[in-house]
Amino acid sequence: MKTPTYALIDLNTRASSRYEIPESLYRRYIGGKTLGARLLYDLTPAGVDPLGQDAVVIVNTSPATGTGAPCSSRFNMTFKNVLTGGIASSNCGGQFGVLMKRAGYDGIILKGQSETPCVISIVDGRIEITDADELWGKDTEETQHAFPKIYGKLVIGPAGEHLVRYAAAVSGERVAGRCGAGAVLGAKKIKAIVAYGTKRPEIHDREKFAKYVDKWVRFLRGHPMTGESLPTYGSAGLVSKANATNALPTHNFKYGHFKDAHAVSGETLADKYLLRNSSCISCPIRCERRVEVDGKDVKGPEYETCGFFGPNIDAVSMENMIRLNYLCDSYGMDTISLASTLAFAMELKENGVADFGVSFGNSDNLADIVGKIARREGVYSDLANGSKWMSERYGGKEYAMHSKGLEMASYEPRRSVGMGLGYATSNRGGCHLNGGYLALLESVGVLSMDALSTSAKPAFTAFFQNALEAISAAGFCLFSAQSFVPAVLFKIGPHHPVTRAIGKIATHLGFGVRALLWMMPVLRFNSVFLFPHAEALRLVTGLPFYTGSFVRLGERGYNMERFYNYREGLTKADDSLPDRLTQTPQDPNNPKTVVRLDKMLPVYYRIRGWDKDGTPEKRTLRKLGVQA
Amino acid sequence: MKTIRYYAPIRGIVKKESEETELGSVKDVLDYIKQAYGKDAFAAAKSALIVVNDVSIGLYQGKKTPLADGDTIGFLPVSGGG
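Residues numbered from 1 in each chain as written. Chains lettered and ligands numbered in written order. Predicted model: local features only at pLDDT ≥ 70, side-chain atom pairs only at ≥ 80, totals over all residues.

This part takes up the overall build of chain A. For chain A, the helix and strand inventory stands at 27 helices and 17 strands. Long-range contacts, defined as pairs at least 24 residues apart, comprise 70% of the intrachain contacts of chain A with a sequence gap of at least 6. (Helix = DSSP H or I, 4+ residues; strand = E, 2+ residues; numbered from the N terminus. Contact = placed C-beta atoms within 7 Å.)

Turning our eyes to something else, we now look at the overall build of chain B. A tally of helices and strands in chain B yields three helices and five strands. Overall, chain B shows an N-to-C arrangement of helices and strands of β-α-β-α-α-β-β-β. For chain B, the C-alpha radius of gyration of 12 Å lies close to 12 Å, the compact-globule estimate for 82 residues. Once the C-alpha set of chain B is aligned to its principal axes, its extents read approximately 30 × 30 × 20 Å. Residue burial in chain B is summarised as follows: out of 82 residues, 43% are buried. (Rg over C-alpha atoms; globule rule 2.2 N^0.38 Å. Buried ≥ 20, exposed ≤ 12 C-beta atoms within 10 Å, placed from the backbone.)

Residue and element names in this part refer to chain A. Along its sequence, chain A is carved into domain 1 (5-196), domain 2 (234-400) and domain 3 (413-476 + 498-624). If you average the C-alpha positions of domain 1 and of domain 2, the two centres end up 26 Å apart. The interface is formed by 33 residues belonging to domain 1 together with 24 residues belonging to domain 2. Residue contributions to the side of domain 1 that touches domain 2 peak at three residues, all from helix H5 (residues 158-161). (Domains from an automatic or database assignment.)

For the rest of this paragraph, the subject is the interface of chain A and chain B. Each partner contributes residues to the interface: chain A has 35 residues there, and chain B has 24 residues. Counting only elements with at least two residues in the side of chain A that touches chain B, the list comes to helix H8 (224-233), helix H9 (238-244), helix H11 (303-308) and helix H20 (487-492) of chain A. For the side of chain A that touches chain B, the element with the highest residue contribution is H8 of chain A, accounting for six residues. In terms of residue class, the side of chain A that touches chain B is made up of 15 nonpolar, 15 polar and five charged. (Nonpolar A, V, L, I, M, F, W, Y, C, P; charged D, E, K, R; others polar.)

Bringing the packing of helix H2 (residues 32-43) of chain A against helix H24 (residues 547-567) of chain A into the picture now. All names here are of chain A. Axis separation between H2 and H24 bottoms out at 9 Å; the angle between their running directions is 30 degrees. Where H2 crosses over H24, the two elements pack in a sense that is left-handed. Residues Lys-33, Thr-34, Ala-37, Arg-38, Leu-40 and Tyr-41 of H2 form the contact with H24, whose own contacting residues are Leu-553, Arg-556, Gly-557, Met-560, Glu-561, Phe-563 and Tyr-564. Classifying every residue of the contact of H2 with H24 by side-chain character gives seven nonpolar, two polar and four charged. (Axes fitted to C-alpha atoms, helices over the stretch in contact; angles between N-to-C directions. Left-handed = near helix turned anticlockwise from the far one by under 90°.)

Right, let's get into unusual backbone geometry. A cis geometry characterises the amide bond from Ala-8 of chain B onward to Pro-9 of chain B, with omega recorded as 5 degrees. The topology assignment puts Pro-9 of chain B in the loop between strand S1 (2-6) and helix H1 (10-14). The phi angle at Cys-71 of chain A is positive, at roughly 60 degrees, despite the residue not being glycine. Secondary-structure assignment places Cys-71 of chain A in the loop between strand S3 (57-60) and strand S4 (75-80). A residue is classified by how many C-beta atoms lie within 10 Å of it, and Cys-71 of chain A, with 28 of them, is buried.

Core analysis: the biggest nonpolar cluster contains 227 residues, and Val-57, Met-333 and Val-370 of chain A have the highest contact counts within it. The contacts of Val-57 of chain A, once residues within four sequence positions are left out, are Met-77, Phe-79, Leu-110, Val-184, Leu-185 and Lys-188 of chain A. (Core = buried A, V, L, I, M, F, W, Y, C linked by C-beta atoms within 7 Å.)

Residue and element names in this part refer to chain B. Residues at a pLDDT of 70 or more form 96% of chain B, whose mean pLDDT is 94. Within chain B, the lowest mean pLDDT, 94, falls on H1, and the highest, 98, falls on helix H2 (residues 26-37). Among the prediction metrics, the complex's ipTM stands at 0.95, with pTM recorded as 0.97. (pLDDT = per-residue confidence, 0-100.)

Below, the discussion takes up the sheet that holds strand S3 (residues 49-52) of chain B. Strands in a sheet are paired, the pairing made by backbone hydrogen bonds, and the direction either parallel or antiparallel. Residues and elements named next belong to chain B. The strand order across the open sheet built from five strands is S2-S1-S5-S3-S4, with neighbouring strands paired in mixed fashion. Each edge of the open sheet carries a strand with a single partner, namely strand S2 (18-21) and strand S4 (55-56). One ladder, built from four bridges, connects S1 with strand S5 (residues 72-76); its direction is parallel. Across the sheet, the residue bridging to Thr-3 is Thr-72, located in S5. (Pairing = 2+ DSSP bridges.)

We now examine the sheet that holds strand S13 (residues 274-278) of chain A. All names here are of chain A. Strand order in this open sheet of three strands is S13-S14-S15, and the pairing throughout is antiparallel. The open sheet has two edge strands, S13 and strand S15 (296-299), and neither has a second partner. This sheet shows a mean twist of 30 degrees between the axes of neighbouring strands, independent of strand direction. Pairing of strand S14 (residues 288-293) with S15, which is carried by four bridges, proceeds in the antiparallel orientation. In the strand pairing of S15, Val-291 is matched with Val-298. Packed onto the sheet, helix H10 (residues 266-273) meets S13 and S14 and runs at close to 55 degrees relative to S14.

Attention now moves to the packing of helix H19 (residues 457-474) of chain A against helix H26 (residues 597-608) of chain A. All names here are of chain A. Two elements in contact, H19 and H26, have axes whose closest approach is 8 Å; the angle formed by their N-to-C orientations is 45 degrees. Viewed along their axes, H19 and H26 adopt a mutual orientation that is oblique. Judged by the sense of rotation from one axis to the other, the crossing of H19 with H26 is right-handed. Judged by residue contacts, Lys-457, Pro-458, Ala-459, Thr-461 and Ala-462 of H19 engage Met-600, Val-603, Tyr-604, Ile-607 and Arg-608 from H26. Looking at the contact of H19 with H26 residue by residue, the class counts come to seven nonpolar, one polar and two charged. (Parallel < 35°, antiparallel > 145°, perpendicular 65-115°, else oblique.)

What follows concerns the pairing of strand S5 (residues 87-92) of chain A. Residue and element names in this part refer to chain A. Burial analysis of S5 places six of its six residues in the buried class, the great majority of the element. Judged by which residues are buried, S5 turns out to be covered on both faces: Ile-87, Ser-89 and Asn-91 on one side and Ala-88, Ser-90 and Cys-92 on the other are all buried. Pairing of S4 with S5, which is carried by six bridges, proceeds in the antiparallel orientation. Directly across from Lys-80, in S5, lies its bridge partner Ile-87.

Further remarks concern the environment of Leu-274 of chain A. All names here are of chain A. Along the polypeptide, Leu-274 turns up in strand S13. C-alpha separation for the pair Leu-274 and Arg-289, spaced 15 residues apart in sequence, amounts to 6.5 Å. Discounting residues that sit within four places of it in the chain, Leu-274 has contacts with Leu-269, Arg-289 and Val-291.

All right, on to the environment of Ala-470 of chain A then. Residues and elements named next belong to chain A. Note on placement: Ala-470 falls in helix H19. For Ala-470, a count of 30 C-beta atoms within 10 Å translates into the label buried. Not counting chain neighbours up to four residues away, the residues in contact with Ala-470 comprise Phe-550, Val-551, Leu-553 and Gly-554.

So, in structure tokens, the structure goes:
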């Protein structure tokens, strides 16, 4: 069996060596974020400074990466989370992962710290570390232009250099945005990692795999979500949907509905600014928008960016939003954490606590301020530390909209309480994807479970957290999973009695989903309608992956991440949300519009096999093979 | 006067972005679409996320939701992903 080959790179000595992943580890953790979590746990002692000498950063791929399977050009970064102190994984599309694999390495492990700026070059199996003084200070676009076009690149901008806690790493125009991926590279003085090679990826059964890929691509193209909705409006299409159900964070999550949402919606983006669609390698969905602003052809904003640079700061300028999106990519900063921190600063001003020159309803001056934050100029250095740090410094913890320190995504959990549970329990902090993304079943999809009911939400959350974890570990974009809701429901629509009935029934299916979680080991089937990723992974690796063992892989990864967090000192108290979401009803006339974590967490812990304090029990870790 | 706003995929069938109407409920608008633009447009309208003043009719009275002067009814695609 071919097991993954990583490069171990010591920045202190600028030396590299091959690091073969043991077969037992590969079989259990496969790749991407799950294998990354295991390696990070094993290679670092507890309590390291994420930006310090002893920190380790893992950049890795998965078995499916670069195989030509749909949506399989992803790569992952795992490191100690700069914002939370727990686990961090940041996922990115584009070319870098594919080309690193073609260059002969499934991943790289970065140790130590370079004294001076450097570039790591991985070309046809050969690794070189060279000085990069002339690149230091340049933005991500200029930096990438310094290398041959055919290379895959992963670079940082000024924000990463200045250790902005939510700095991003950028690859092409795709971004490993969350948790401080750019900061951890900046701390090691790595300006860029570039890769190129021509090695074909290993595929166990190439013929069957090719046939399955054809079938899967046809399915995705024929599905209303992946074949029509996402290509037409991109993820930004969600602005109107979230607004329609009062789940669109507005005015720093104070409200869930924005009266001018249309101005910053995916529909307006498509009608007035869209030049064409674009995509990552081997993606049939093509959700990326190419838009024009100031005469420049740039990447269009995703949903989260539209939500946070629009309704969440009461701003209505699409032009400003596109510019800010472009600037954030150029500086290398996460738009979610940055814009949420700005919204927090706006509320500080509104409450007379502090004035950073930002205020709700005005995005005209933000381009200038974003640059100051990226370079940590003066008082703006405080904003570069994120909303948790800001709330500890200035007060206002009840409206600092993060969980564990990571700012939440653009779904108002008081109108999607399962999403609230997901934010609170997500291993990397306030993330919708790591949180199981129940908003899709509660407030922004075709199906509508009762968005205010806590019933069944712990079970659904655990199930989808595991499933999304597995899809990511296998190397696929999570958009490839958007086709799991049957196409027929899109044809009859969200208001049809059948669709509504299914949503209502699902709200009472907690026991069914719990039973499903118990039955995982015996679910030995694969279906293109459910998790086609499992069959693709089986054909690529030759390992017996079926629906059950595939979701179990995700469960193992999720527990591994949780175990890492536990070692780093995160506790039940960190499975929390700001008081605004748990104490103050969004609708003053409807007391149900709060997130009842007190009701959901104990049930969730039980389902997970964790004790009442949220610590994974030994028998759970043994069952999953996380601990002997 | 009320405004009807169309988005993909129904926009591709009715060939317009919006129009004005005096109809009194969501159901009336759906019936109008069927009559004026045919079965395909009606099917697309029924399966859309229907919003009145940007709020889903699921949070009001469904297809019986009344329309008042100045209201906007929109037919949005059911979307996902973020």
